[in-house]
Amino acid sequence: VQLQASGGGLVQAGGSLTLSCAASGSTLSIAVSGWYRQTPGQQRDMVTTIDSGGTTNYADSVKGRFTISRDNAKNTVYLQMNSLKPEDTAVYYCYAERSVRGVRYTYWGQGTQVTVSS
């Protein structure tokens, strides 16, 4: 599975951005997709995930502001980010997980920078 993330950029506080993550390869077996983010010197933290059944999970810090969705026909996962705050500034990585014969595989996109100015 290969993941290509796009859509990052610079936005003012209170603004919106949409990130996209296009998957290619063995996409039919992807069980979970999502987004993580990382700032310099910090660990990579989960932002949101969505499973194959459509169940979503969000970090408390983004609940009510961010929305994850997926377009199975396009093998693409989106992250709609509204009411952005300076503390949302980070490199955002898309993520996918699949299990084959009980073995779990994880995949990461290349990361896209999101900068929110105050």
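Summarised in this report is the structure supplied together with it. Just so we're clear, the structure is a prediction, and the values are computed from it rather than from any experiment.

Considering unusual backbone geometry
Outside of glycine, negative phi angles account for most residues, and trans bonds account for most peptide bonds.
Now for step 1: Phi at Asn75 is positive, roughly 50°, even though this residue is not glycine.
Now for step 2: Within the secondary structure layout, Asn75 lies in the loop between strand S7 (66-71) and strand S8 (76-81).
Now for step 3: The backbone phi angle of Ser83 is positive, close to 50°, even though this residue is not glycine.
Now for step 4: Relative to the helices and strands, Ser83 is located in the loop between S8 and strand S9 (90-100).

As for the pairing of strand S4 (residues 30-38)
Now for step 1: Burial within S4 is extensive, with seven of its nine residues counted as buried.
Now for step 2: As judged from the eight bridges shared by S4 and S9, these two strands associate in the antiparallel manner. Looking at the pairing, Arg37 lines up with Tyr92 of S9.
Now for step 3: Relative to strand S5 (residues 45-51), S4 is paired through six bridges, and the arrangement is antiparallel. Residue Val32 lies in a different strand from S5, and its bridge partner there is Asp51.

With respect to the nonpolar core
Now for step 1: Leu3, Trp35, Phe66, Leu79, Met81 and Tyr92 are the most contacted members of the largest nonpolar core, which totals 28 residues.
Now for step 2: Looking at this core, the elements that each hand over two or more residues are strand S1 (2-6), strand S3 (17-24), S4, S5, S7, S8, S9 and strand S11 (112-117).
Now for step 3: Setting aside anything within four residues of it in sequence, one finds Met81 in contact with Gly15, Ser16, Leu17, Leu19, Arg65, Phe66, Tyr92 and Val114.

Rules and cut-offs
- Residues numbered from 1 in each chain as written.
- Predicted model: local features only at pLDDT ≥ 70, side-chain atom pairs only at ≥ 80, totals over all residues.
- Heavy atoms only, no water.
- Helix = DSSP H or I, 4+ residues; strand = E, 2+ residues; numbered from the N terminus.
- Buried < 20%, exposed > 50% of the residue type's maximum accessible area, 1.4 Å probe, protein only.
- Pairing = 2+ DSSP bridges.
- Core = buried A, V, L, I, M, F, W, Y, C linked by side-chain atoms within 4.5 Å.
- Contact = heavy atoms within 4.5 Å.

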